[in-house]
Amino acid sequence: MANESRPCPCDIGDRLDYGGRGQEVQVGHIKAYVCKPPAGTDKAVIVIHDIFGWQLPNTRYMADMLAANGYIAICPDFFVGQEAWKPSNDWASFDDWLKTRNAGKIDKEVDVILKYLSEQCGAKKIGVVGFCWGGAAVQHLMLKNPHLKTGVSLYGVIRFFEDRSSLLHPTFFIFAEKDDYIPLEQVTLLEQKLKQNCKVDYEVKIYPGQTHGFVHRKRQDINPQDKPYIEEGRKDMINWLNKYL
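Since the structure is predicted, the reported quantities are computational estimates derived from the model, not experimental observations. (Residues numbered from 1 in each chain as written. Predicted model: local features only at pLDDT ≥ 70, side-chain atom pairs only at ≥ 80, totals over all residues. Heavy atoms only, no water.)

Some details on helix α4 (residues 133–144)
Every α-helix winds through 3.6 residues per turn, so residues three or four apart in the chain are directed the same way. Filter applied, for reference: Helix and strand assignments follow DSSP, with helices taken as H or I runs no shorter than four residues and strands as E runs no shorter than two, numbered in order from the N terminus. What a helix is expected to span follows from its residue count: subtract one and scale by 1.5 Å. When a residue's accessible area, from a 1.4 Å probe over protein chains only, is under 20% of the maximum for its type it is buried; when over 50% it is exposed; and in between it is partly exposed. Any pair of residues with heavy atoms lying within 4.5 Å of one another is described as a contacting pair.
Between its first and last C-alpha atoms α4 spans 17 Å; for twelve residues at 1.5 Å apiece the expected length is 16 Å, and the two agree. Counting buried positions along α4 gives eleven out of twelve residues, so the element sits mostly inside the fold. Those residues of α4 hidden inside the fold are in contact with β3 (43–48), α2 (94–99), α3 (107–120), β5 (125–131), β6 (150–154) and β7 (171–176).

Here's what the structure looks like:
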């Protein structure tokens, strides 16, 4: 069962020592990290960070990976200048911290980014991927935003949106079997609701033996037993985007 005293709680996992191949830009009222593929494209992916914010090297690594696979990748600061969560913070203060960082209240920022992608980058087909807090944000956008084509939610905290399941766009949900923060019974319930209410393509996949954050916060070289699942999760994410963008 999820540890209720640590409601999201991710520990930061293996923080990558990674500089990034992209650049930071100012888009309207928000900063963003942008990485572009070697060849021109009209396909873009918005990358939504976890509680550790838009500057976490691991998330930038994922954005660069998307760019290497042919997408314009942009990771905006969805906390809009507010501090990201730090591993040294007191978990007792997490709920208060979260109150001013609601994964369901990012529409204004997403509109600014969509405008930038279409007007400045020539993007016509835009998808979204998100991790943890960002995975919940993806669920929100797939229920609400008509301008996105598809989404991948990686271990998105289901309880934020558990009563809604009529998705507008094809959505892929990645979950870890041994996730301390998202119990498998929540995942089963999500699947049941999607089956009843969802009119678009979706997939819910549980990766055996994996823990919260495995796709972007585990290093393959020091977790050899997890390497196949980390690689599979990343490949599945890219394949889903390739299919629907």
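Now that the structure has been shown, the text picks up again.
Here we look at the pattern of salt bridges
The condition is simple: Just to be clear on terms, a salt bridge is a Lys or Arg side-chain nitrogen sitting within 4 Å of an Asp or Glu carboxyl oxygen.
Tallied over the full model, the rule gives eleven salt bridges. Among the ionic pairs, Glu 232 bridges to Lys 205, the shortest N-O distance being 2.7 Å. Of the two residues, Glu 232 is situated in helix α7 (residues 227–244) and Lys 205 in strand β8 (residues 202–207); the sequence distance between them amounts to 27 residues. As a salt-bridge pair, Lys 218 and Asp 226 come within 3.1 Å of each other at their nearest N and O atoms. Taking the relative accessible area as the measure of exposure, Asp 226 reaches 7% and is therefore buried. Several salt bridges converge on common partners, so that one network encompasses Lys 205, Glu 232 and Asp 236.

Let's talk about the sheet that holds strand β1 (residues 23–27)
Whether parallel or antiparallel, the strands of a sheet pair through hydrogen bonds between backbone atoms. Here is the rule: A pair of strands is treated as paired once DSSP finds two or more bridges between them. Between N-to-C directions, angles span 0 to 180 degrees; the directions come from axes that are lines fitted to C-alpha atoms, helices contributing only their stretch in contact.
Here eight strands make up an open sheet; going across it, the order is β1-β2-β4-β3-β5-β6-β7-β8 and the pairing mixed. A single partner strand is all that each edge strand has here, and the edge strands are β1 and β8. The average angle at which neighbouring strand axes cross in this sheet is 20 degrees, direction not considered. The pairing of β1 with strand β2 (residues 30–35) spans five bridges and is antiparallel. Within β2, the residue paired with Gln 26 across the bridge is Lys 31. Its contacts with the sheet put helix α1 (residues 57–68) on β1, β2, β3, β4 (72–76) and β5, and the angle it makes with β2 is roughly 50 degrees. The sheet contacts of helix α5 (residues 184–197) involve β7 and β8, and relative to β8 the element is tilted by about 165 degrees.

Topic: the confidence of the model for the chain
Condition: What pLDDT reports is the predictor's confidence in each residue, on a scale of 0 through 100.
In the predicted model, the chain carries a mean pLDDT of 92, and 94% of its residues have values of at least 70. When the criterion is pLDDT under 50, residues 1–9 qualifies, and its contacts beyond four places in sequence or with other chains add up to 20 contacts.

Structural notes on the environment of Glu 177
Our working definition: For the purposes of these results, a polar contact is taken to be a pair of N or O atoms within 3.5 Å, where, inside protein, one atom must be able to donate a hydrogen and its partner to accept one; residues adjacent in sequence count only when each atom of the pair is a side-chain atom.
Take Glu 177: it is sitting in the loop between β7 and α5. Apart from the residues lying within four places of it in its own chain, the contact partners of Glu 177 are Leu 184, Ile 206, Tyr 207, Pro 208, Gly 209 and Gln 210. A polar atom in the side chain of Glu 177 sits 2.6 Å from the backbone nitrogen of Gly 209.

A short note on the packing of aromatic side chains
Rules: Pairing of aromatic side chains requires ring centres within 6.5 Å, counting the rings of Phe and Tyr and the six-membered ring of Trp. Pairs whose planes differ by under 30 degrees are stacked, by over 60 edge-to-face, and all others tilted.
Going through the model one piece at a time under the given rule, you end up with twelve aromatic pairs. Both rings, one in Phe 79 and one in Trp 97, keep their centres 5.4 Å apart while their planes meet at 90 degrees; by these two values the pair is edge-to-face. With Phe 79 in the loop between β4 and α2 and Trp 97 in helix α2, this residue pair connects regions lying 18 residues apart in the sequence. Judged on exposure class, the residue Phe 79 and its partner Trp 97 are both buried. Consider the rings of Phe 173 and Phe 175, whose centres lie 6.4 Å apart with planes at 5 degrees: the pair is stacked.

Quick word on the pairing of β6
Short version of the rule: The definition of a right-handed crossover adopted here requires that, viewed with the strands pointing away, the path from the first strand over the helix to the second runs clockwise.
With five of five residues buried, β6 lies mostly within the body of the structure. Here β6 shows a buried face lined by Thr 150, Val 152 and Leu 154 and a second buried face lined by Gly 151 and Ser 153. Between the parallel pair β5 and β6, the chain is carried across by α4, and the sense of this crossover is right-handed. Relative to β7, β6 runs parallel, the two sharing four bridges. Within the sheet, the bridge partner assigned to Val 152 lies in β7 and is Phe 172.

Details of empty space enclosed by the protein
Quick reminder of the rule: The pocket and cavity definitions rest on a 1 Å grid over protein atoms only: a 1.4 Å probe that fits but cannot leave marks a cavity, an open set with protein on both sides within 12 Å along at least five of seven lines marks a pocket, and residues lining either have an atom within 4 Å of a point. Grid points are joined across faces, edges and corners, and a volume is the space filled by probe spheres set on the points. Note on residue classes: Ala, Val, Leu, Ile, Met, Phe, Trp, Tyr, Cys and Pro are nonpolar, Asp, Glu, Lys and Arg are charged, and everything else, Gly too, is polar.
For the structure shown, the criterion picks out two cavities of 30 Å³ or more. One number sums up the size of the largest cavity: a volume of about 50 Å³. Contributing to the lining of the largest cavity are Gln 139, Leu 143, Phe 161, Arg 164, Ser 165, Leu 167, Phe 173, Leu 190 and Leu 194. Secondary-structure elements contributing two or more residues to the lining of the largest cavity are α4 and α5. Residue composition of the lining of the largest cavity, by class: six nonpolar, two polar and one charged.

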